[in-house]
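# Residue-level structural notes
Each chain is listed here by its residues.
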Amino acid sequence: MHLPQDIRELARHVGGPGGGGALRTPPAAVPLFAAAVARVTERRLILVAPTQARMEALAAEVEILMPGQVVGMAPWLVSPYVVAQGDREAEASRLGALARFLQEPAATRCLVVTAWEWLRRQPAPSLLDRRTLLLVTGELVDRTELIAGILALGYGRVEAVSEAGQIAVRGGIIDVFPAGAPRPVRVDLFGDEIESLAHFDSISQMEEEELDLCVIPPARLITLDDDTVGRLREGIRTLAGDLRYPSRLLSDLIRNLQDGQRPPELEVLYPLGIDLDATVASYGEDAIVVFDDLGEVRKELRETWDAEWDRYRVAAAAGALVIPPDRLYRPPEEAEDPGRLARWMDLGRLAGVDQEDGGPAGTVPVLDSGVEPLFLPGDGSQGRSALFAQEARRWLEDGLHVVVLCEGLESLERTRRILGAHGLGALPREEPWSLDWLRGLRPAQKVRLALGTVERGFIARSLGLVITGEVDLFGKRTEPHRPARRRISDAVKVLSKLEDGDLVVHSQYGIGRFLGLETKAAGGHEASFLSLEYADGARCYVPVHHADRIQRYIGSDDRSAVVGKLGGATWERRKTKAREAAKKLAFDLV
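Residues numbered from 1 in each chain as written. Predicted model: local features only at pLDDT ≥ 70, side-chain atom pairs only at ≥ 80, totals over all residues. Heavy atoms only, no water.

Further remarks concern empty space enclosed by the protein. Per the counting criterion, the structure on display carries two cavities of 30 Å³ or more. Estimates place the volume of the largest cavity at around 130 Å³. Residue lining of the largest cavity: 15 residues in total, with Arg120, Gln122, Pro123, Leu221 and Glu267 positioned closest to the centre. Looking at the second largest cavity, its volume works out to about 40 Å³. Lining the second largest cavity are Ala28, Pro31, Leu32, Glu61, Trp433, Thr453, Val454 and Phe458. Grouping the constituent residues of the lining of the second largest cavity by class yields six nonpolar, one polar and one charged. (1 Å grid on protein atoms, 1.4 Å probe; cavity = no way out; pocket = protein on both sides within 12 Å on 5 of 7 lines; lining within 4 Å. Points joined across faces, edges and corners; volume = space filled by probe spheres on them. Nonpolar A, V, L, I, M, F, W, Y, C, P; charged D, E, K, R; others polar.)

Glancing now at helix α10 (residues 294–317). With 24 residues, α10 should cover 34 Å at 1.5 Å per step; its first-to-last C-alpha distance of 35 Å lies within 8% of that length. Looking only at α10, the buried set comprises Leu294, Gly295, Val297, Arg298, Leu301, Thr304, Trp305, Glu308, Trp309, Tyr312, Ala315 and Ala316. (Helix = DSSP H or I, 4+ residues; strand = E, 2+ residues; numbered from the N terminus. Expected span 1.5 Å × (residues − 1). Buried < 20%, exposed > 50% of the residue type's maximum accessible area, 1.4 Å probe, protein only.)

Moving on: unusual backbone geometry. Phi at Glu42 takes a positive value of approximately 55°, unusual for a residue other than glycine. On the basis of relative accessibility, which here comes to 66%, the residue Glu42 falls in the exposed class. One non-glycine residue with positive phi stands out, namely Asp293, at about 75°. Looking at the element boundaries, Asp293 is found in the loop between β13 (288–292) and α10.

Counted under the stated rule, the structure contains 24 salt bridges. Taking the shortest distance from any N to any O, the salt bridge between Arg394 and Glu391 comes out at 2.3 Å. Taken together, the residues Arg394 and Glu391, both in helix α13 (residues 380–397) and three residues apart, mark about one turn of the helix. For Glu391, a relative accessible area of 16% puts it in the buried group. Arg417 is the partner of Glu413 in a salt bridge, and the nearest nitrogen-oxygen pair spans 3.9 Å. On the criterion of helical spacing, the pair formed by Glu413 and Arg417 is a turn pair, its members being four residues apart in helix α14 (residues 409–421). What makes Glu413 partly exposed here is its relative accessible area of 29%. In this structure, a network of salt bridges that share partners links the residues Arg54, Asp292 and Glu455. (Salt bridge = Lys/Arg side-chain N within 4 Å of Asp/Glu carboxyl O.)

A few words on the sheet that holds strand β16 (residues 371–373). Sheet architecture is open: six strands sit in the order β16-β20-β21-β17-β19-β18, paired in mixed fashion. Since the sheet does not close on itself, it has two edges, and those belong to β16 and β18 (426–432), each with one partner. Across this sheet, the average inter-strand angle for adjacent strands is 20°, counted without regard to direction. Alignment of β18 against strand β19 (residues 447–451), held across four bridges, turns out to be parallel. Paired with Pro432 across the bridge in β19 is Leu451. (Pairing = 2+ DSSP bridges. Axes fitted to C-alpha atoms, helices over the stretch in contact; angles between N-to-C directions.)

This part covers a nonpolar patch on the surface. On the surface, a cluster of nonpolar side chains totalling about 250 Å² of accessible area is made up of Leu134, Val136 and Leu213. Note on placement: Leu134 falls in strand β5 (residues 133–136). In this structure Leu134 comes out as partly exposed when scored by relative accessible area, which is 48%. (Patch = residues over 30% accessible without salt bridge, like charges linked within 9 Å, V, L, I, M, F, W, Y side chains within 5 Å. Areas by Shrake-Rupley, 256 points an atom, 1.4 Å probe, with all protein chains shown as cover.)

Spatial strand order, β6-β7-β8-β9-β10-β11: six strands in an open sheet with mixed pairing. Edge positions in the sheet fall to β6 (156–157) and β11 (207–211), since each of these pairs with one other strand and no more. As defined by bridge partners, strand β10 (residues 193–200) adjoins β11 across three bridges and the pair is classed as antiparallel. Paired with Ala198 across the strands is Glu210, a residue of β11. Along the sheet, helix α7 (residues 143–152) contacts β6, β7 (166–170), β8 (173–177) and β9 (185–190); its crossing angle with β7, the most-contacted strand, is approximately 160°. (Contact = heavy atoms within 4.5 Å.)

This is how it looks when you write it as structure tokens:
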């Protein structure tokens, strides 16, 4: 596969200073062209998607074409004017994505964000840079100071790390799950020397690949030092006075801050303590900002802005402690204007068209990729696959390379068998597809199979390609993977299986008793929590969007189960013993 000359020239123009342009292409081909633009220009990308679902799909598909070089920046799950945030893992994920893109430019080549996150005001890159630790194998460190430094970045100390933003210490072994990282890192100290750094599996505890260095971004944006707490205190008092916030709640909030506690609503009050005067684009001044259909992004920006102002007015009228949206977000007129960017590109079905009046958007160069969506009618798997085989023969006769992307080895083998049943030969590749692989294709009268995903098939005659996926052959569409904690529907599934008084198991705190749902005030907001009771009457309140961390106790006899002590080490010891027993069993079976 070679890009046509006009598209290559457009990419080079976009990659130059002050460059901008648009390439009209179906949504399914956006990942391919985005990766190709990065290759041609040798520049990094900031890919802006309209919605979270689209962001997750793009991140997954571009990751296949740019393996290990893509990081997605998860947005807030819901509006901060509806539910207080306060989730360390979510905040750590966002900060980690920005930090990786800023501090690892050679390794992190593409940052994928939503329009919502693009609209948000961000901390200055210099602030994040100052608050990031860098550990190097062979470096001399003071163990006590190292632990204190990581804790000061907002990491929570636990018995065993399981999610981003956590640290666990056992003698000279320090396990840390860096913000934004896919896996935790084990720091092995020999005296004051970092003897080794290595990724490890948080379940089996087995070490994996060794590292030369480890970047540890902050898990929380601000530290609750005296200066920051002082600024927050004054800002909160002024805000509370303007909103007539109840003095009792104000006193509790300030006292918690002074005691080093982080209330759930603190993240949305950050502008009272620090300046948020940067944007996502500030973290990649050398990058090309690629809009996944600028028209759709603009629509989402404006709708988000209007909706947040409506939610703010409702929350403020209800007496909640909230700041105006213009302290959290940029005006959409600023965020949607590509003229403010050093380099940008619009990729989409209506790229380069102002969707309000239907005319050209500015004077930037606009090209049509010549890519057409693939549509194969057919009833059921057999009818559709037969039609695909018929069309594939015609494409091959026209000299096109026909590629079917399969989502696993089993799927690849199944596709090979079905095509064979229709008399069509296949050349399987048991690895993900890539730009280099496409460039090296030679003429063949067989369909090529490779690992990968595509939203919907497309025909790119200018590239000599037909790219299809399982949905085109079988009519089934696999949704992009979304972490369980991101699905509000998981809360419904968990709650539907529970009754008041049931024993449950929390992944971090162990066996407790479910007492039902309770509505509690969180920063002036009304939010629902699962109420769990532990030994000595201790209570644990779990936000509904963390319901995936709980499951019903399924022991042989509920009566023999012992409710654990909240905050105790018994549950961690039991998990450790279970892991060791499982490992021993595995060795015995081998």
